[in-house]
Amino acid sequence: MPAVCLYFQIHQPFRLRKYTIFDSAHDYFDDGHNQIVIDRVAQHCYLPALRLLLHLVQQHQGRFRFALSITGSALEQLEHHAPETLHLLHALAQSGCVEFLAETYHHSLASLYSRPEFIDQVQLHRQILKRLFNIFPTTFRNTELIWSNDIARIVGELGFTTALAEGWAPVLNRRSPAFLFQSPTHNAHHVKLLLRNHHLSDLIAFRFSDRKHPDYPITVANFTERVASIAGHLCNLFMDFETFGEHQKADTGILDFLRALPDSLLAHNIPFHTPSEIALSHQSAGDLDAPQPFSWADQARDLSPWLGNAMQASALQDLYALERPLKKNSKPRALADWRRLTTSDHPYYMATKALADGDVHSYFSPYDSPYDAYINYMNVLDNLKSRL
């Protein structure tokens, strides 16, 4: 039977307020709206789902294990607006059954644009995990699971031994994501790679309440059968934590599904392991060569969610052009604002995709259109430039 690696991502951006070309204030972020979102998601998702997970960990006495990563921007907001959530996270960290992963503090695309900033944000994230949970992670999860040989090289140099990536068919080259892989042998530091089973992960994250999907309804029993039938060593289920109560509402039965899943899998002798445990206990099935970056987002699994049109490319080029001047001029407040602007959600809101991908982008965006997102963002960037 394959082992299950269950991983959840918690992220909340600092959303921008409406900022016109006539604005001159340096308060770019909509604190009131951000608090409303955090309060809502905490009540619908974070608090009930974390309480449930803590109960499952205690109930199964070490047999139920999973991995979790939380961006620095989410931790900041939870600390200020939903401290009870942090208490539950701390209890999970103390349980010994949850592995907390490292990532970029601001959920940024720095791995594509700036090696120094990428390293800085990883170190900042390490610091907040140390401060809040006394944790020093050894497994890395890049923003949106963006991965390539170049990123693997930096991640290995930073001391990480394990990382997560998407089980994308072109880089697998007819191999299965149900095995452990590693970064290419020509990299000085090998990184073990767990690859997401996107078919089964998406059944929970995106298809659970879709009555038109051929697999509806998704029950614990039929999901367990699917996992048990995997021809390989691993079933890596990676998804946004907001799946449980926010994206999939409680009345869909998603929390009941999560509550029953460990019992069902364990009864079929399907164990749960964390990424570090899998990296230590499994042999690599070979190199995963990724000369071009890929991600877990949208159907194409490429970078088009953030770099698919001229608006996005222009905004990101202007954004990263400010990095050196800001760091050279030693303006801590301006640099902190700039780092919040590196969050990948901002260019994501500017995507002009259609069909199912477009629906997902629209669901997350607080703007009426991608063009409104671009104009608002560029107005903020112009003001930030003036502070230099």
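Look up: the structure comes first, before these words.
Residues numbered from 1 in each chain as written. Predicted model: local features only at pLDDT ≥ 70, side-chain atom pairs only at ≥ 80, totals over all residues. Heavy atoms only, no water.

Chemist: Just give me the short version of the pattern of salt bridges, but keep the residues and values in it.
Modeler: Enumeration over the complete set of coordinates arrives at 26 salt bridges. Notably, a salt bridge pairs Arg115 with Glu157, separated by 2.5 Å at the nearest N-O pair. Of this pair, Arg115 sits in helix H5 (residues 115-133) while Glu157 sits in helix H6 (residues 149-157), placing them 42 residues apart in sequence. (Salt bridge = Lys/Arg side-chain N within 4 Å of Asp/Glu carboxyl O. Helix = DSSP H or I, 4+ residues; strand = E, 2+ residues; numbered from the N terminus.)

Chemist: Account for the layout of surface pockets, naming residues and giving values.
Modeler: The calculated volume of the largest pocket comes to roughly 1300 Å³. Considering the residues around the largest pocket, the lining is formed by 44 residues, among which Phe206, His247, Val360, Tyr363 and Phe364 are closest to the centre. Looking at the lining of the largest pocket element by element, the count peaks at six residues for helix H17 (residues 355-364). Looking at side-chain class alone, the lining of the largest pocket contains 18 nonpolar, eleven polar and 15 charged residues. There is about 270 Å³ of room inside the second largest pocket. What lines the second largest pocket is a set of 15 residues, and nearest its centre among them are Arg17, Lys18, Tyr19, Tyr367 and Asn376. Take the lining of the second largest pocket: its biggest share by element is four residues, from helix H18 (residues 370-386). (1 Å grid on protein atoms, 1.4 Å probe; cavity = no way out; pocket = protein on both sides within 12 Å on 5 of 7 lines; lining within 4 Å. Points joined across faces, edges and corners; volume = space filled by probe spheres on them. Nonpolar A, V, L, I, M, F, W, Y, C, P; charged D, E, K, R; others polar.)

Chemist: Quick rundown of the sheet that holds strand S1 (residues 3-10)? Include the residues and the values.
Modeler: Spatial ordering of the open sheet is given by S3-S2-S1-S8, a layout of four strands whose pairing is parallel. The outermost strands of the open sheet, each flanked by one partner alone, are strand S3 (98-100) and strand S8 (234-240). Across this sheet, the average inter-strand angle for adjacent strands is 20 degrees, counted without regard to direction. As defined by bridge partners, strand S2 (residues 66-70) adjoins S3 across three bridges and the pair is classed as parallel. Each bridged residue has a counterpart across the sheet, and for Leu68 the counterpart in S3 is Phe100. (Pairing = 2+ DSSP bridges. Axes fitted to C-alpha atoms, helices over the stretch in contact; angles between N-to-C directions.)

Chemist: Give a description of the packing of helix H9 (residues 220-228) against helix H10 (residues 254-267) that names residues and reports values.
Modeler: Between H9 and H10, whose axes approach to 10 Å, the crossing angle comes to 45 degrees. Here H10 runs oblique to H9, going by the angle between their axes. Between H9 and H10 lies a crossing of right-handed hand. Contacts from Val220, Phe223, Thr224 and Val227 of H9 reach H10 at Phe257, Ala260, Leu261, Ser264 and Leu265. Residues of the contact of H9 with H10, tallied by class, amount to seven nonpolar, two polar and no charged. (Parallel < 35°, antiparallel > 145°, perpendicular 65-115°, else oblique. Left-handed = near helix turned anticlockwise from the far one by under 90°. Contact = heavy atoms within 4.5 Å.)

Interpretation in functional terms is not warranted from these geometric data alone.
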